[in-house]
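# Topology and contacts: notes
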Amino acid sequence: MIKHFIFLLVIISPIIRIIIFKSNSNPIFKHIIWNIFKWKITLLIVLNYKLPLKVTLESLIYGLTMFLISVLYFILSSFIFRFRIFKGLSEIYNLPLILRILGGLSAGITEEVIYRNFLVLFLDEFFGNLLISCFLSSLIFGIFHIPLWGFFSSIQIFIWSIMFYIYFLVKGELFALIVAHSLNDIFFFLKTPITNKFFVKKL
């Protein structure tokens, strides 16, 4: 069945990411190939399932609020995690500006559709418990980040994702999560005065 095929692609995605990012290819080429892979999974989901997208002012406000919380979280938690997450950012900062912006937007859309929507609901079919499904999905989401960001940074990202899973459990919609995730990634992928002060100098 198509959902099992999609699930298989999601499960092997960390391995695919390792293969792509450990290769000696051009960094731009690696990021393009990786995003093509994520979009293929996303399109399979979109074509076979109805997404819980509620494009409302309320969802937009929730998304903007979670974005602000995300920025504060990564600034404060990075002191605890010794700014390890910005080892991954050092590679991203070498990409052209347009690719950094598109990469942040792409991550916000594809990762929310794949991990907060499809994977949670797929696992719930087996466990019949959304809490367990969210926990397992969040673990896979964290593992998925290890190839680029490293182990400790992926723990930091895993903790951050808990807020997103809680929102999905309570509200059951994706638009706010896509807004928050996309803005968060774009914000940190750009060299703003804040990222220059706290992060770029740490690289």
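Refer to the structure presented above.
Quick caveat: nothing in here was measured; it's all calculated off a predicted structure. (Residues numbered from 1 in each chain as written. Predicted model: local features only at pLDDT ≥ 70, side-chain atom pairs only at ≥ 80, totals over all residues. Heavy atoms only, no water.)

### Observations regarding a nonpolar patch on the surface
Basically, it comes down to this: Patches here: salt-bridge-free residues with over 30% relative accessible area, like charges joined within 9 Å, nonpolar side chains (Val, Leu, Ile, Met, Phe, Trp, Tyr) joined within 5 Å. In this description, accessible areas are obtained by the Shrake-Rupley approach with a 1.4 Å probe, and a residue is regarded as covered only by the protein chains that are shown. One speaks of a salt bridge when a side-chain nitrogen belonging to Lys or Arg is within 4 Å of a carboxyl oxygen belonging to Asp or Glu. Helix and strand labels come from DSSP, where a helix needs a run of H or I of at least four residues and a strand needs a run of E of at least two; each type is numbered from the N terminus.
A cluster of nonpolar side chains, contributed by L121, L130, L131, I159, I162, I166, L169 and V170, occupies part of the molecular surface with about 690 Å² of accessible area. Elements represented by at least two residues in the nonpolar patch include exactly α6 (130-149) and α7 (151-171). In terms of residue count, α7 provides more of the nonpolar patch than any other element does, five residues in total. Along the chain, L169 turns up in helix α7.

### Examining the pattern of salt bridges
Formally: Accessible area is worked out with a 1.4 Å probe on protein chains only. A residue is then buried under 20% of its type maximum, exposed over 50%, and partly exposed in between.
Scanning the entire structure with this criterion turns up four salt bridges. With a shortest N-O distance of 2.7 Å, K3 and E125 are connected by a salt bridge. Of this pair, K3 sits in helix α1 (residues 2-21) while E125 sits in helix α5 (residues 97-127), placing them 122 residues apart in sequence. Exposure remark for K3: the relative accessible area of 17% places this residue in the buried category. Where R116 meets E112, a salt bridge forms, and the shortest distance between an N and an O atom there is 2.7 Å. Placement of both R116 and E112 in helix α5 is noted, with a separation of four residues, approximately one turn of the helix.

### With respect to α7
One turn of an α-helix holds 3.6 residues; hence residues three or four places apart share an orientation. Quick note on the threshold: One less than the residue count of a helix, multiplied by 1.5 Å, gives the span that helix is expected to have. By definition, residues are in contact when any of their heavy atoms lie within 4.5 Å.
Over its 21 residues, α7 runs 30 Å from end to end, which matches the ideal 30 Å to within 8%, given 1.5 Å per residue. When we look at burial in α7, the residues that qualify are S153, S154, Q156, I157, F158, W160, S161, F164, Y165, Y167 and F168. Turning to α7, the residues buried within the fold contact α3 (57-80), α5, α6 and α8 (175-189). The first or second residue beyond α7 is G172, which carries a positive phi of 65 degrees.

### Considerations on the nonpolar core
This is how it is decided: Within this scheme, the nonpolar core is defined by two criteria: the residues are buried Ala, Val, Leu, Ile, Met, Phe, Trp, Tyr or Cys, and they are joined through side-chain atoms within 4.5 Å.
Core analysis: the largest hydrophobic core is formed by 49 residues, its most contacted members being V10, I41, I45, Y115 and W149. Where this core is concerned, the elements lending two or more residues are α1, α2 (27-48), α3, α4 (86-92), α5, α6, α7 and α8. At eight residues, α5 tops the list of elements feeding residues into this core. For I45, the residues in contact, after removing those within four places along its chain, are I6, L51, V113, I114, N117 and F118.

### Remarks on the side chain of S161
The condition is simple: Whenever two N or O atoms come within 3.5 Å, that pair is a polar contact, provided that in protein one can donate a hydrogen and the other can accept it, and provided that, for residues adjacent in sequence, both atoms are side-chain atoms.
Structurally, S161 can be placed in helix α7. Within the local environment of S161, its side chain forms a polar contact with the backbone oxygen of F158, the two atoms lying 2.7 Å apart. Contact partners of S161, with chain neighbours within four places excluded, come to R116, S138 and F141.

### Some words on the environment of V71
Topologically, V71 is positioned in helix α3. The spacing of V71 and L102 is 31 residues in sequence and 19 Å in space, taken between C-alpha atoms.

### Thoughts on α2
As a reminder, the rule being used: By construction, the arc corresponds to the directions joining the helix axis to the C-beta atoms.
Compared with an ideal rise of 1.5 Å per residue, which puts 22 residues at 32 Å, α2 spans 32 Å between its outermost C-alpha atoms and is within 8% of the ideal. All of the buried residues along α2 are K30, H31, W34, N35, F37, K38, I41, T42 and I45. Looking straight down α2, one finds its buried side chains confined to an arc of 150 degrees; they lie on one side. Those residues of α2 that are exposed and angled more than 90 degrees off the buried face are K40 and L47. Buried positions along α2 lie against α1, α4, α5 and α6.

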